[in-house]
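# Coordinate inspection notes
If you want the building blocks of each chain, they are given just below.
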Amino acid sequence: MSYSRRRALKHLGLLAATAAGQQFLAGWLPGNTVLATEGMDMPVPPEQPAKAYVPQFFSPQEFSNIEILSEMIIPRDDKPGAKDAHVADYIDFLVFSAAEFEPSMQTEWKQGLTLLEKLSKQEFGKGFADITDRQRVELLTAMSQPEIDSNAHHEGFAFFQLVKGATVDGFYTSRAGLIEALEYKGLTYRTSFPGCTHPEHQS
């Protein structure tokens, strides 16, 4: 299990220990299943919240940029994308709740989003929300280059990794990601264990 995955599960567990966290998670994961993780069986409650989510930590501009970034990382195709899974909501609530158990996470996100705006203005003369889709792809491609080239360096790489990790964690622990995209059926078990059916192995 990756570090980002372990950290996300730790945060989800801590969120589940608070009343506000339980209310949020109650709408996050699909009902009547259990998400099996290392050392933790997390009950997964029903339905995505019906009300529009109001960001609790990020400014409207920052939240919009997170929505754009997450959808770029997991776009909608024949399966749901990050926007369908409300990944930006998840990230905002996770970072908001981090004040209680990992305040440094809030600093990471604020500094990263500030850097994103700076890089966008340096390269294209506009903020990230105002540049074209093609320019956004160009910027994110440059930021992610060290991931495929060990000799490459980019000051935005750490933030790219942060966004990517949070997006993947948020998407694949949501109803859209877990049930609709991965077609997860919940924990199941066999009622019988048939033997090998290869003729050469039959006695």
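Note: the structure precedes this text.
To keep things clear, this report deals only with the structure shown in the data block. (Residues numbered from 1 in each chain as written. Predicted model: local features only at pLDDT ≥ 70, side-chain atom pairs only at ≥ 80, totals over all residues. Heavy atoms only, no water.)

Another point: the nonpolar core. Ranked by internal contacts, the top residues of the largest apolar core, which has 34 residues, are Phe58, Ile91, Trp109, Phe128, Met143 and Phe159. Contributing elements (two or more residues each) for this core: helix H3 (60–73), helix H4 (87–101), helix H5 (103–124), helix H6 (133–144) and helix H7 (157–172). Leave out the neighbours within four places in its chain, and Met143 touches Leu116, Leu119, His154, Gly156, Phe157, Phe159 and Phe160. (Core = buried A, V, L, I, M, F, W, Y, C linked by side-chain atoms within 4.5 Å. Buried < 20%, exposed > 50% of the residue type's maximum accessible area, 1.4 Å probe, protein only. Helix = DSSP H or I, 4+ residues; strand = E, 2+ residues; numbered from the N terminus. Contact = heavy atoms within 4.5 Å.)

Under the defined criterion, the tally for this structure stands at five salt bridges. Its salt-bridge partner being Lys110, residue Glu62 comes within 2.8 Å of it at the nearest N-O pair. Taken together, the residues span a long stretch of sequence, with Glu62 in helix H3 and Lys110 in helix H5 at a distance of 48 residues. For the salt bridge of Glu155 with Lys118, the shortest nitrogen-to-oxygen distance reads 3.8 Å. Here Glu155, found in the loop between H6 and H7, pairs with Lys118, found in helix H5; they are 37 residues apart in sequence, far enough to count as distant. (Salt bridge = Lys/Arg side-chain N within 4 Å of Asp/Glu carboxyl O.)

Topologically, Ala152 is positioned in the loop between H6 and H7. Sequence separation between Ala152 and Ala142 is 10 residues; the distance between their C-alpha atoms is 9.5 Å. Apart from the residues within four sequence positions on either side, Ala152 is in contact with Gln145 and Pro146.

Time to look at H6. With 12 residues, H6 should reach 16 Å at 1.5 Å per residue; the first-to-last C-alpha distance of 16 Å fits that figure. Of all the residues in H6, the buried ones are Arg136, Leu139, Leu140, Met143 and Ser144. Relative to the axis of H6, the buried residues are bounded by an arc of 130° and lie together on one face. Where the residues of H6 are buried, they touch H3, H5 and H7. (Expected span 1.5 Å × (residues − 1). Arc of directions from axis to C-beta.)

A separate point is the packing of H3 against H5. Across the interface, H3 lies against H5 with an axial gap of 11 Å and an inter-helix angle of 80°. When the interaxial angle is binned, H3 and H5 end up roughly perpendicular. Contact residues: H3 offers Gln61, Glu62, Asn65, Ile66 and Leu69, while H5 offers Trp109, Lys110, Leu113, Leu116 and Glu117. For the contact of H3 with H5, a count of residues per class yields five nonpolar, two polar and three charged. (Axes fitted to C-alpha atoms, helices over the stretch in contact; angles between N-to-C directions. Parallel < 35°, antiparallel > 145°, perpendicular 65-115°, else oblique. Nonpolar A, V, L, I, M, F, W, Y, C, P; charged D, E, K, R; others polar.)

One non-glycine residue, His86, adopts positive backbone phi at about 55°. A relative accessible area of 33% places His86 in the partly exposed class.

To describe a pair of aromatic rings, one takes the distance between the centres and the angle between the planes. Summed over the entire model, instances satisfying the criterion amount to six aromatic pairs. Their ring planes at 50° and their centres at 6.4 Å tell us that Phe93 and Phe96 sit as a pair that is tilted. Of this pair, Phe93 and Phe96 are both found in helix H4, three residues apart, which corresponds to roughly one turn of the helix. Summarising the aromatic geometry, the rings of Trp109 and Phe159 are spaced 5.8 Å apart at their centres and angled 85° between planes, so their arrangement reads as edge-to-face. Within this pair, whereas Trp109 is found in helix H5, its partner Phe159 is found in helix H7, the two being separated by 50 residues in sequence. Comparing Trp109 with Phe159, the two get one shared label, buried. Linked through ring pairs, Phe57, Phe58, Trp109 and Phe159 together constitute an aromatic cluster. Lying across the ring of Phe128, Arg136 places its NZ or CZ 5.7 Å from the centre. (Phe/Tyr/Trp six-rings, centres within 6.5 Å; stacked < 30°, edge-to-face > 60°. Lys NZ or Arg CZ within 6 Å of the ring centre and 35° of its normal.)

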